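# Structural description and commentary
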Amino acid sequence: MPLFQQPARTPDEVARSRPLDIAPAEVADMDEATWYARVFRGDDVPQLTVRAVVMGSLLGFLLAFTNLYIGLKTGWGLGVAITACILSFTIWTALLKAGLARTPMSILENNCMQSTASAAGYATGSSMITATPALLMLTATPQNPGGTQLPWPVLAGWTLCLGVLGTALAIPMKRSLINRERLRFPSGVAAAVTLHSLYSHGASAMKKAWAMLAGALPAALMPVLMDLHLRAGPTGRQPLLPGESAVFNWLPMRGAVAQTGAPATAADFTMVLDHRLAMVAAGMITGLRVSVWLVVGGLGLVFFVAPAAVAAGAAHSPGSAWREVGVWVGAPMMVSSGLLWFALQWQTVARTVRGLFRRGTDDQNRARPGVEVPASWFITGTGVGGIGVALMGHMFFGIPWPMGLLAVALTFFLSLVAARATGETDINPAGAMGQLVQLTYGALIPQNATANLMSASITANAAVSAADLLNDLKSGYLLGAHPRRQYVAQFLGIFAGTAGTVGGYYLLVPDASVLVGSGATPAAFPAPAAQAWLTVARVFQDGFDNLHPMDRQAMLWGLSIGAVLAVAEVLLPRWKKWLPSATGLAFGMMLPFSNPLSFLIGAVAAEIWSRRSRATAEDYVVPVASGAIAGESLIGVAVATLNNFVLK
């Protein structure tokens, strides 16, 4: 087949490109034979066009900055497919009205666009919020407090190879998980429903676009006012307005400030109100349960762990306790919770293995030639990506050749399990997969923290890429898209994503000080996911006995709490919404308190909105929140660039 198709040019071609009258929910229940007969659009409808890939690459490049910004702030990655769909539809509608475009972009073109944007804005950035900043912090010493950054060609090549490997690994999973088993992949379904709604009710698309703009404008103003160093101050250049308010200093606190001996205030423990909006918007998307437990974890740190840590000498100050001691509670909690949850999902693992080796004559006959992605693409992509990461791991990170190839082999199996978990629950356990590899390599290659981190990033990043591709292929399946063409769109997005995430990382993180703070300056990007990875690597590098006694005790508490919560979620599924969230508690311990507080404010606002008007909340909460995140993130990247390289 030719790589790119021509877009619709005549009124008849435009009419043939309109969406089917079959709702995505109805398609979800069809078997593969029915799908081919009633839904598959074949090559009659333009899908993989140059304009779709260009639009997806541009949007994905920009959204890569937003995901990197939020990931370094909170440890979470947020899907970008729905945001890209709304933006693309709105932009192309405006181009049509301005006479700059001749025909509308079809629904399947926009589906390919969101695959490209999703690969660029989400699937290539996992390593940038986990292993890469953890490695930078690992190299920071008293003599070199800024640490040593990886050269950009190394980081770009590593990211590109991981993206190629992850997308290739998803190829043999597609027919098994989507066509035959018809797993839900809720995020993929949501993207398909969004696209179907945009093309069925064009007016609602413009309302959502205005909602995104309404969220973006005030949020974009905050970094300019509160972060950009525009005016001269007694201690250097300062922003125009403060970024936080010490509204909790009336609370009685334990302990004193070591440098002055004065009684500690709530602000000394990072218990302040952040004036920025991105974290509030993230809380609107994350929801009430996780946000509540984020705050509970933060309160536990502020009132119990941090004062004890300062008194015991395990933390240098109340404001640094979250990264010096809180991480020793939160990271083990995440590890034990994630790995035990994974172990308890033995049925998922068993189904994965059975599905991998199941081959049926009827299934083979129903697979039409030239439609599904061929096995040769899987072999080529896995070979190029796998050999690439093994070679770079050996050359730059000290990973022995056999261990690098073992990491690639483990990645295939673990990505398969992660993809199934994503399809069944919409939860991608990539973090647990990466930490499982960290534990494995901690035993195989002790005292090599660099190899520990980067071998684990192979699994985690590939698992994210594979599951993201399957979400997009699920969306395309519900709309009748051509799987092979959609795969090409996803693959092409890797290149824009590599440029966006690698470039954005160096702009936001010039050295380790923005991750750990410097003197009285707090960390601009706490990077809790990276802190968790760093904690595991340091245990194997330094040895358990070399840790501070309180750190060892904190680890045992974290491991125990995480295990209990994982078992409780599996044994009491009906009570899950009332059970503590291990993720929330762990990150609450590993973030400055202002971040969990902002999450809770956003989650409460979204809950109030939903209770007053569920219909409008379902339509506009995500667009408003996505707009706020995009607005602050994009301007925040520009502000950080000016501060780091111009306004020093």
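Take unusual backbone geometry next. At arginine 182, a residue that is not glycine, the phi angle is positive and equals roughly 55°. Structurally, arginine 182 can be placed in the loop between α9 (174-180) and α10 (186-200). For threonine 270, which is not a glycine, the phi torsion comes out positive at approximately 65°. As for its placement among the helices and strands, threonine 270 is situated in the loop between β3 (244-245) and β4 (273-274). For threonine 270, a relative accessible area of 15% translates into the label buried.

A few words on the pattern of salt bridges. Per the stated rule, a full pass over the model turns up nine salt bridges. Here arginine 485 ties to aspartate 43 by a salt bridge, and the two come within 3.0 Å at their closest N and O atoms. Of this pair, arginine 485 sits in helix α21 (residues 483-508) while aspartate 43 sits in the loop between α3 (32-38) and α4 (50-74), and the two are 442 residues apart along the sequence. Via salt bridges that share partners, Asp227, Asp274 and Arg276 belong to a single interconnected network.

This next bit is on the confidence of the model for the protein chain. For the protein chain, per-residue confidence averages 85 on the pLDDT scale, and 92% of positions sit at 70 or higher. Here residues 360-365 is a poorly scored stretch, pLDDT under 50, and it has four contacts once near neighbours within four places are set aside; other chains count.

With that settled, consider helix α24 (residues 549-571). Taking 1.5 Å of rise per residue, 23 residues should cover 33 Å, and α24 covers 34 Å from first to last C-alpha, within 8% of that figure. Within the span of α24, buried status applies to Met550, Asp551, Ala554, Met555, Gly558, Gly562, Leu565, Ala566, Ala568 and Glu569.

Right, let's talk about the environment of leucine 150 for a bit. Counting through the fold element by element, leucine 150 comes out in the loop between α7 (131-139) and α8 (152-169). You can call leucine 150 buried: its relative accessible area is 18%. If near-sequence neighbours (up to four positions away) are discounted, leucine 150 is found in contact with Leu135, Leu155, Phe397 and Tyr506.

What follows covers empty space enclosed by the protein. Taken as a whole and judged by the stated rule, the model has three cavities of 30 Å³ or more. When its volume is computed, the second largest cavity comes out at roughly 40 Å³. Around the second largest cavity, the lining residues are Pro19, Leu20, Ile22, Arg41, His196, Leu478 and Leu479. Looking at the lining of the second largest cavity residue by residue, the class counts come to five nonpolar, one polar and one charged.

Before going further, it helps to spend a moment on the packing of aromatic side chains. Tallying each qualifying case throughout the model produces twelve aromatic pairs. Taking the centre distance of 5.1 Å and the plane angle of 80° together, the rings of phenylalanine 89 and tyrosine 199 count as edge-to-face. Taken together, the residues span a long stretch of sequence, with phenylalanine 89 in helix α5 (residues 81-97) and tyrosine 199 in helix α10 at a distance of 110 residues. Look at phenylalanine 378 and phenylalanine 412: their rings are 6.0 Å apart centre to centre, the planes differ by 50°, and that puts the pair in the tilted class. Of this pair, phenylalanine 378 sits in helix α17 (residues 375-397) while phenylalanine 412 sits in helix α18 (residues 401-425); the two residues are 34 residues apart in sequence, bridging distant segments of the chain. According to the relative accessible area criterion, phenylalanine 378 is partly exposed, its value standing at 21%. Overall, phenylalanine 412 belongs to the partly exposed group, its relative accessible area being 22%. The rings of Trp35, Tyr36, Phe40 and Tyr477 are connected pair by pair, giving a single aromatic cluster.

Procedures and definitions
- Residues numbered from 1 in each chain as written.
- Predicted model: local features only at pLDDT ≥ 70, side-chain atom pairs only at ≥ 80, totals over all residues.
- Heavy atoms only, no water.
- Helix = DSSP H or I, 4+ residues; strand = E, 2+ residues; numbered from the N terminus.
- Buried < 20%, exposed > 50% of the residue type's maximum accessible area, 1.4 Å probe, protein only.
- Salt bridge = Lys/Arg side-chain N within 4 Å of Asp/Glu carboxyl O.
- pLDDT = per-residue confidence, 0-100.
- Contact = heavy atoms within 4.5 Å.
- Expected span 1.5 Å × (residues − 1).
- 1 Å grid on protein atoms, 1.4 Å probe; cavity = no way out; pocket = protein on both sides within 12 Å on 5 of 7 lines; lining within 4 Å.
- Points joined across faces, edges and corners; volume = space filled by probe spheres on them.
- Nonpolar A, V, L, I, M, F, W, Y, C, P; charged D, E, K, R; others polar.
- Phe/Tyr/Trp six-rings, centres within 6.5 Å; stacked < 30°, edge-to-face > 60°.

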